[in-house]
Amino acid sequence: MDKNYILHKYLNGNASPEELQLLKESPEYAGYFKIAAASENLDTPVFNKEGNFEHLTAKIDQSSKVRKISFVKSFVRIAAMVTILLGGYYFFFSGNTTVKTDVAHKESFSLPDKSEVVLNAQSEIFYDQKNWEKKRSLNLKGEAYFKVEKGEKFSVITPQGTVSVLGTQFNVFARDSTFVVKCFEGLVRVAFNDTLVNVPFGNVLEIRNNELIMKTELHQDSPNWVLNESRFQNASLATVLAELKRQYPVNITAPNVGDKKFTGAFTHTDLKVALRSICDPLKLDFTINGDEINLYAKQGK
Amino acid sequence: MSELENVCKKEHFNKVYNDHSQAIWRFIYFKCGDQAQADDLVQESYVKLWQNCAKVSASKAKSYLYTVANNLFLNEVAHKKVVLQHANSKKKTFNNQSPEYLLEEKEFYEKLQAAIANLSETQRTPFLLNRIEGKKYSEIAEILGISVKAVEKRMSQALAILRKEIGNI
């Protein structure tokens, strides 16, 4: 066996007597063994345990006096830092975020989770930016189109009802007593009073005067108003004019036109073209006087 | 004393002092050979332990002390020769030997002590930790922060130098 290995085994206190005998056969290793064995009998001078402890206690008493002061100082420092950090945090991150649009105004923005929102004219959304990751929920008044990133439940709360989804594209119209949800992709769940309605993709849910109407009519990727166009199907003239007033900063008077139904669309970019596309099918005419628009029935022919 | 408790309580601190102060003192003495310096460094190490008591758990106190003592030692420049004494209590086996043999033994120990004193610090400390303190290679490796293989190498080197210095044994 390797003598060097036995030597280290012996030094670690693990060698057997036979192995030691083997080690002593070689003069070189016998010498190492003798040195190693003799060194065990050596000792250091005596350590004065008690005396050193007294010195040590004295040093600790001295240093702990200093330590107390620095402890208070560092406590004050930490407290000040925490105050500044907390203050800054609340200053920058607290409070709700509100997005609001006026007449003839559209707003397109992203939520903290990269979901996209397009807000139609005269509408308002507010949400808690700080807790968005925990709770995807926002409040809506008016009309907006959502492209929701996949993830936790996403809720749109309106005075009329709540719309919740997981990840999809949909439009919510919530004005006055009318509540319309159009689903462009995936599945949307609408809570209206105490009923839950699932709106699959390509469908429209309308609630007018507390009545639920479900329709299949969508052949689009996104609502028309996102493309600067308002489209109607058998809608009352009042509804159409209300939308027109939201898209253009004008006043409309239409005293003697009666209750007509309109099917069609108008653009958001040109007032004259828009008025023409509403009036012509309904056999109406109009005059523009600054911000004032007057609608009347076409004469004669 | 529980493993997780720190040494901020006076009684725990005192226990750590009673358990380890002597071993640390000898460890430093192997390195510097100066009793007064060893006293100072032991005291300094324990003061540091006390100041950082909240950060050091009872189970870590021992290795913390060794590390601090070693670092303090490295900061000091002057090293003296290590003077060891023959521990009389341990050599009863030699009592019945002839006067010549006893004389030879005495010469041998004198040579041995001189040779150990001449070893470099890196060789002497592991050698004496092993021989006098009876520590295993693994413990020495931990104290000095080196590998077991390095301890083995230094032990071999120390023995080779001692044998050469002492001459015909």
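Anything mentioned here points back to the structure above.
This report concerns the structure included in the present document. All values derive from a computational prediction rather than experimental measurement.

### Describing the interface of chain A and chain B
Then, number 1: With 35 residues of chain A at the interface, the matching set in chain B holds 49 residues.
Then, number 2: A buried area of about 4,000 Å², summed over both sides, lies between chain A and chain B, and 61% of it is on carbon and sulfur atoms.
Then, number 3: The closest approach of N and O atoms between Asp43 of chain A and Arg26 of chain B, which form a salt bridge, is 2.8 Å.
Then, number 4: One can count 18 residue pairs in polar contact (both at pLDDT 80 or more) joining chain A with chain B.

### Remarks on the nonpolar core
Then, number 1: Ranked by size, the top nonpolar core spans 65 residues in total, and within it Tyr46, Leu49, Leu112 and Phe127 of chain B carry the most contacts.
Then, number 2: Here this core gets eleven residues from one element, more than from any other, and that element is helix H1 (residues 10-32) of chain B.
Then, number 3: Setting aside chain neighbours within four positions, we find Phe127 of chain B in contact with Ile35 and Ser39 of chain A together with Ile116, Met155, Ala158, Leu159 and Leu162 of chain B.
Then, number 4: Counting residues in hydrophobic clusters, the runner-up holds 30 residues, among them Trp132, Phe154, Val165 and Ile207 of chain A.

### Describing the pairing of strand S14 (residues 211-216) of chain A
Residues and elements named next belong to chain A.
Then, number 1: Pairing between strand S13 (residues 203-208) and S14: six bridges, direction antiparallel. Among the inter-strand pairings, Arg208 is bridged to a residue of S14, identified as Glu211.
Then, number 2: Turn length for the S13-S14 hairpin, with the two strands adjacent in sequence and antiparallel, is two residues, and the turn residue Asn209 shows positive phi of about 50°.

### Overview of the environment of Thr162 of chain A
Residue and element names in this part refer to chain A.
Then, number 1: Assignment of secondary structure puts Thr162 in strand S8 (residues 162-165).
Then, number 2: Take Thr162: its relative accessible area is 26%, and that puts it in the partly exposed class.
Then, number 3: The spacing of Thr162 and Leu138 is 24 residues in sequence and 9.9 Å in space, taken between C-alpha atoms.
Then, number 4: Apart from residues no more than four positions distant in its own chain, Thr162 is found in contact with Ser155, Val156, Ile157, Arg189, Val190 and Ala191.

### A look at the sheet that holds strand S18 (residues 284-289) of chain A
Residue and element names in this part refer to chain A.
Then, number 1: The strand order across the open sheet formed by three strands is S16-S19-S18, and the pairing between neighbours is mixed. Two strands close off the open sheet at either side, each with one partner strand: strand S16 (251-253) and S18. Adjacent strand axes in the sheet meet at a mean angle of 20° when their direction is disregarded.
Then, number 2: When S18 meets strand S19 (residues 292-297), the two strands line up antiparallel, connected through six bridges. Among the inter-strand pairings, Asp285 is bridged to a residue of S19, identified as Tyr296.
Then, number 3: Helix H6 (residues 271-279) rests against S18 and S19 of the sheet, and its axis sits at about 155° to S18.

### Describing the packing of aromatic side chains
Then, number 1: Applying the stated criterion to the full structure yields 15 aromatic pairs over all chains.
Then, number 2: Seen in terms of ring centroids, Tyr10 of chain A and Phe33 of chain A are 4.9 Å apart; in terms of plane orientation they differ by 50°. Their pairing is tilted. Linking Tyr10 of chain A in helix H1 (residues 3-11) with Phe33 of chain A in helix H3 (residues 27-39), this pair joins segments that are 23 residues apart in sequence. Accessibility classification places Tyr10 of chain A together with Phe33 of chain A in one group, the buried group.
Then, number 3: For the ring pair Tyr29 of chain A and Tyr32 of chain A, a centre distance of 5.5 Å and an interplane angle of 85° mean the geometry is edge-to-face. With Tyr29 of chain A and Tyr32 of chain A both in helix H3 and three residues apart, this pair spans about one turn of that helix. Considered together, Tyr29 of chain A and Tyr32 of chain A belong to a single accessibility category, that of buried residues.
Then, number 4: In textbook terms, an aromatic cluster arises when at least three aromatic residues are bridged by ring pairs, as seen for Phe53 of chain A together with Phe13, Tyr17, Tyr46 and Trp50 of chain B.
Then, number 5: Here the guanidinium or amino end of Lys10 of chain B rests over the ring plane of Trp50 of chain B, the centre of that ring lying 5.0 Å away.
Then, number 6: We note Arg163 of chain B situated over the ring of Tyr32 of chain A; from NZ or CZ to the ring centre the distance is 5.6 Å.

Analysis parameters
- Residues numbered from 1 in each chain as written.
- Chains lettered and ligands numbered in written order.
- Predicted model: local features only at pLDDT ≥ 70, side-chain atom pairs only at ≥ 80, totals over all residues.
- Heavy atoms only, no water.
- Contact = heavy atoms within 4.5 Å.
- Buried area = accessible area lost by both parts, 1.4 Å probe.
- Salt bridge = Lys/Arg side-chain N within 4 Å of Asp/Glu carboxyl O.
- Polar contact = N/O pair within 3.5 Å; in protein donor to acceptor, adjacent residues only side chain to side chain.
- Core = buried A, V, L, I, M, F, W, Y, C linked by side-chain atoms within 4.5 Å.
- Buried < 20%, exposed > 50% of the residue type's maximum accessible area, 1.4 Å probe, protein only.
- Helix = DSSP H or I, 4+ residues; strand = E, 2+ residues; numbered from the N terminus.
- Pairing = 2+ DSSP bridges.
- Axes fitted to C-alpha atoms, helices over the stretch in contact; angles between N-to-C directions.
- Phe/Tyr/Trp six-rings, centres within 6.5 Å; stacked < 30°, edge-to-face > 60°.
- Lys NZ or Arg CZ within 6 Å of the ring centre and 35° of its normal.

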